[in-house]
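# Breakdown of the fold
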Amino acid sequence: MTDLSHIHRFAPGNRREAAPLLLLHGTGGDENDLLPLGQAVAPGASLLSVRGNVLEHGMPRFFRRLAEGVFDEDDVRRRANELADFLLEARRRYDLEAPIALGYSNGANIAAAMMLLRPEVLAGGVLLRAMVPLRVAPKADLAGKSVLIVSGHSDPIIPPSNSAALTSMLENAGAEVEHRTLPVGHQLSQADLTLAKKWLQSQSSFVVQ
Ligand code: MLT
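Below: a short report on this structure. (Residues numbered from 1 in each chain as written. Predicted model: local features only at pLDDT ≥ 70, side-chain atom pairs only at ≥ 80, totals over all residues. Heavy atoms only, no water.)

The terminal C-alpha atoms of helix H3 (residues 106-117) lie 16 Å apart, and with 12 residues this matches the ideal 16 Å at 1.5 Å per residue to within 8%. Burial of H3 is extensive: 11 of the 12 residues sit out of reach of the surface. All of the buried residues in H3 are Asn-106, Gly-107, Ala-108, Asn-109, Ile-110, Ala-111, Ala-112, Ala-113, Met-114, Met-115 and Leu-116. (Helix = DSSP H or I, 4+ residues; strand = E, 2+ residues; numbered from the N terminus. Expected span 1.5 Å × (residues − 1). Buried < 20%, exposed > 50% of the residue type's maximum accessible area, 1.4 Å probe, protein only.)

Turning to the packing of aromatic side chains, a few remarks are in order. Counted by the stated rule, this structure contains 2 aromatic pairs. Ring geometry for Phe-10 versus Tyr-94: centroids 4.1 Å apart, planes at 15°, classification stacked. Residue Phe-10 is found in strand E1 (residues 8-11), and its partner Tyr-94 is found in helix H2 (residues 73-94); the two are separated by 84 residues along the sequence. Pairing Phe-63 with Phe-71 gives two aromatic rings, centres 4.9 Å apart and planes at 75°, and the pair type is edge-to-face. Phe-71 shares its class with Phe-63; the two are buried. (Phe/Tyr/Trp six-rings, centres within 6.5 Å; stacked < 30°, edge-to-face > 60°.)

The immediate surroundings of the ligand are formed by Thr-27, Arg-61, Phe-63, Arg-65, Gly-69, Phe-71, Ser-105, Asn-106 and Asn-109. Considered class by class, the residues forming the shell around the ligand number 2 nonpolar, 5 polar and 2 charged. (Near = heavy atom within 4 Å. Nonpolar A, V, L, I, M, F, W, Y, C, P; charged D, E, K, R; others polar.)

Burial along strand E3 (residues 47-50) is two-sided: the residues Leu-47 and Ser-49 and Leu-48 and Val-50 are all buried. Pairing geometry for E1 and E3, over 4 bridges, is antiparallel. Note that in E3 the partner of Arg-9 across the bridge is Ser-49. Here strand E2 (residues 21-24) pairs with E3 via 4 bridges, running parallel. (Pairing = 2+ DSSP bridges.)

Written out as structure tokens, the structure reads:
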């Protein structure tokens, strides 16, 4: 669909009690990438999968960066707000509750930025290979929201201190954060899927039959 501000795909779920997921791809991905992951970790949940509005040498992203891991923070703010506005429109269009974001890499980073800048639009987040999106944390109230951060021990892009700092930033805003580190790099692994699925099942809004 293209008439809202972001190209996206919506796959309605057949279990109304399952929290919807907002799927956010990594650099160079698109709205098709994470649909299979979403189906695997949250069977029956509605899936809203979005394409980033920024192009870096033809590769879709959710915000501009100056170098790998060095972000244009004004753009992070602008794009996180745009995505939050899109999400409000999409929720009306598809009659959705606030979703849990499931983001990978650049998609996890914009999800973290959205949680900090527009805490009301997301119910929680599964952030796979996420980094601190803004050096100075905005004032946010994330009380009652839960976040799973999954890092890779040998991730060449994200030092362990960075994912630890993101964990603290979200915790300081009141979120309940589970931070797990897998013996992998930046790429996703089967273990990510297993952790994400278990964590989603443990969320109260995600009742497994
Ligand atoms: C980012 O730009 O968000 C991070 O460097 C991760 C990536 O997309 O490569």
